[in-house]
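# Structural overview
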Amino acid sequence: MVTQSIRCVLGVQNKVTAAQSDDDNKLTDKCIVPDDATYASWLEEHPSALMLFHPMMGLKSWFGKQIVVFLDYDGTLSPIVDDPNHAFMSEPMRSAVREVGKLFPTAIISGRSRNKVREFVKLEEVYYAGSHGMDIIGPPQYMKSYDGKFQINTHDDKGKEITIFQPAKEFLPNISKILEELKERTSGIPGTFVEDNRFCISVHYRHVLDEDYEALEGIVKDVLMVYSSSFHMTRGKKVMEIRPSIEWNKGNALVYLLETIGFNSDDRRNILPFYIGDDKTDEDAFKALRKQGIGYPIIVSSVPRETIASHSLRDPLEVLSFLKSLANWRKGQP
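Criteria and cut-off values
- Residues numbered from 1 in each chain as written.
- Predicted model: local features only at pLDDT ≥ 70, side-chain atom pairs only at ≥ 80, totals over all residues.
- Heavy atoms only, no water.
- Helix = DSSP H or I, 4+ residues; strand = E, 2+ residues; numbered from the N terminus.
- Buried < 20%, exposed > 50% of the residue type's maximum accessible area, 1.4 Å probe, protein only.
- Contact = heavy atoms within 4.5 Å.
- Areas by Shrake-Rupley, 256 points an atom, 1.4 Å probe, with all protein chains shown as cover.
- Pairing = 2+ DSSP bridges.
- Right-handed = clockwise from strand over helix to strand, strands pointing away.
- Expected span 1.5 Å × (residues − 1).
- Polar contact = N/O pair within 3.5 Å; in protein donor to acceptor, adjacent residues only side chain to side chain.
- Axes fitted to C-alpha atoms, helices over the stretch in contact; angles between N-to-C directions.
- Salt bridge = Lys/Arg side-chain N within 4 Å of Asp/Glu carboxyl O.
- pLDDT = per-residue confidence, 0-100.
- Arc of directions from axis to C-beta.
- Parallel < 35°, antiparallel > 145°, perpendicular 65-115°, else oblique.
- Left-handed = near helix turned anticlockwise from the far one by under 90°.
- Nonpolar A, V, L, I, M, F, W, Y, C, P; charged D, E, K, R; others polar.

Attention now moves to the overall build of the protein. Per the secondary structure count, the protein includes ten helices and 13 strands. Looking at the protein as a whole, 52% of its 334 residues are labelled buried. Partitioning the intrachain contacts of the protein with sequence separation of at least 6 by distance along the chain shows that 61% fall at a separation of at least 24. A total of about 15600 Å² of accessible surface is found on the protein, and carbon and sulfur atoms cover 51% of it.

Below, the structure is given as C-alpha cells:
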C-alpha cells in the first residue's frame, strides 16, 4: 500500500505554468494523487525529491559538504518539444539555474553540441558539457590523469581562463562524412531531422510516419555499418544517435568535472553531488554516483520506468521548484 506521505506530493507543479508568479510557484499543501497505482508504486522506490527535500538536506551525514549540481537539458530544464530547435528553457528556469550556479558549482551535461546547449541556456555561471560529455568546457585545471592531447587550456571570448576537454577529437573527420551521408540519404523521408551535435549525430524521427520508420532505421544502420568498428548507435526519445565507440559517457564527464572543480577521489566524502536528468544516457551519470556512494541521482519522469536513480521529479516544472528550493536552502544556511 502506498503511504499517504508518498501520495501527497507537496509542491507538485503539474498545473503550474511558466507564466505564474514566483509566489504561485511556492510549495503548497495540496495533495496530488498519482495518475495510477503503478506510478504510485514506482514512487515508493524512487520517491519525489521535491517532497523529501527537507529530509534529504537535513541528514547529519551531509552537514558541511560541498554541493555540486549536474543537470541534463532536454526534458529536464526544457520540455521535450516536437522541433528540437525550439527546445527553449523558460525565463523562470533560467533564473533558477543562474541562482544555483552562483551558489554551487554547476554543470549542464547534454547530448546536444556544447555550443547549441549554451545558446539555449545563455548563462555564464555554469559549466557546459556537450555531445554526452565528449565536449567539455570547465575550470582551468589541467588534469595529468587524462590524455594531454584531448585537453586545451585557453580563454573564452570574455578572457576567462578555461579548459576544453574533447576525448573524441580524432573521430571528427568521419563524423562529418557520416553526417553528410545521413542528410543526403534520409532527405526523401518526410519528418526526418538529422542534427549535428559535433561529436555525435542525432537522427530525430518524431515527425516520421510509422510506415516510414523501418526504412529510416535501415538507412541509419546501413550508413553505420561502414564505420561499425569506430561508431555505434544508441536510442533516446524518438531519436537514433550515432556516437564514437570510446569509453566515455555522461558518467565519465561527471567524474572529470568533479576532478577539475577540485574534488579528486580522496575528497569525494566532502561533496554532495546532485544529478538531475530524464534520458537513458543519464543513467551513466546515475551509475557513476551510485558506484562512488555519494550524492543523489534524480530521474525526471511522469511515468514508471527502469532506472537506478534514487529519487524522482515528474517534469521540468518540478525541476524548477527543486532548484528554487535548493537555492533557498543555501541562502538560509548560517
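Additional details are given in the paragraphs that follow.
The subject of this paragraph is the pairing of strand β2 (residues 106-109). Here β2 shows a buried face lined by Thr-106 and Ile-108 and a second buried face lined by Ala-107 and Ile-109. Sheet topology note: the strand β1 (residues 66-71)/β2 ladder contains three bridges and is parallel. Each residue of the ladder has a partner; that of Phe-70, found in β2, is Ala-107. Once the chain exits β1 it traverses helix α4 (residues 91-103) before rejoining the sheet at β2, and the crossover so formed is right-handed. In this structure, β2 lies alongside strand β3 (residues 127-130), joined through three bridges in parallel fashion. Residue pairing across strands places Ala-107 opposite Tyr-127, the latter belonging to β3. A crossover links β2 with its parallel partner β3, the connecting element being helix α5 (residues 114-121), and its sense is right-handed.

Further remarks concern the pairing of strand β12 (residues 296-300). Counting buried positions along β12 yields five of five residues, so the element is predominantly enclosed. Alternating positions in β12 separate into two faces, Tyr-296, Ile-298 and Val-300 on one and Pro-297 and Ile-299 on the other, with burial throughout. With three bridges joining them, β12 and strand β13 (residues 311-313) adopt parallel strand pairing. Bridge pairing in β13 places Ile-298 opposite His-311.

Turning to helix α8 (residues 250-261), a few remarks are in order. Structurally, the α-helix is built with 3.6 residues per turn, so residues lying three or four positions apart point the same way. Between its first and last C-alpha, α8 extends 16 Å over twelve residues, near the 16 Å set by a 1.5 Å rise per residue. Along α8, ten of the twelve residues are buried, which leaves the element largely enclosed by surrounding structure. Taken together, the buried positions of α8 are Lys-250, Gly-251, Ala-253, Leu-254, Val-255, Tyr-256, Leu-257, Leu-258, Glu-259 and Thr-260. Its side-chain oxygen at 2.8 Å from the backbone nitrogen of Gly-251, Asn-249 defines the N-terminal cap of α8.

As a further point, take the sheet that holds strand β10 (residues 239-244). In space, the four strands of this open sheet follow the order β7-β8-β10-β9, with antiparallel pairing throughout. The outermost strands of the open sheet, each flanked by one partner alone, are β7 (193-196) and β9 (231-236). Each neighbouring strand pair of the sheet contributes to a mean axis angle of 20°, computed without reference to strand direction. Inspection of the sheet shows β7 paired to strand β8 (residues 201-204) by four bridges, in the antiparallel sense. When the bridges of β8 are listed, Glu-195 appears paired with Ser-202.

Per the counting criterion, the structure on display carries 14 salt bridges. The shortest N-O distance in the salt bridge between Asp-72 and Lys-250 comes to 3.3 Å. A residue pair is termed long-range when its members are at least 10 positions apart, and Asp-72 in the loop between β1 and α4 and Lys-250 in helix α8 qualify at 178 residues. Neither residue differs from the other here; Asp-72 and Lys-250 are each classed as buried. The closest approach of N and O atoms between Arg-114 and Asp-135, which form a salt bridge, is 3.1 Å. Placement of the pair is Arg-114 in helix α5 and Asp-135 in strand β4 (residues 135-138), with a sequence separation of 21 residues. Summarising the burial analysis for this pair, Arg-114 and Asp-135 share the class buried.

All right, on to the confidence of the model for the protein then. Detail in the predicted coordinates should be disregarded across regions flagged by low pLDDT. Mean pLDDT for the protein: 86, with 86% of residues reaching 70 or above. Low pLDDT (under 50) marks residues 1-34, which in the prediction has 61 contacts with non-local residues, meaning those over four places away or in another chain.

Looking now at helix α7 (residues 210-226). Listed in full, the buried residues belonging to α7 are Leu-216, Glu-217, Ile-219, Val-220, Val-223 and Leu-224. The buried residues of α7 occupy an angular sector of 160° when projected down its axis, which confines them to one face. Residues of α7 that are exposed and angled more than 90 degrees away from the buried face: Glu-211, Glu-214, Met-225 and Val-226. Taken together, the buried residues of α7 touch α6 (172-186), β8, β9 and β10.

Running from N to C, α6 and α7 point in directions that differ by 150°, and their axes come no closer than 10 Å. Judged on the interaxial angle alone, α7 and α6 are roughly antiparallel. Here the hand of the crossing between α6 and α7 comes out right-handed. On the side of α6, the interface is formed by Ile-178, Glu-181, Leu-182, Arg-185 and Thr-186, while α7 contributes Leu-216, Ile-219, Val-220, Asp-222 and Val-223. Of the residues assigned to the contact of α6 with α7, the class counts are six nonpolar, one polar and three charged.

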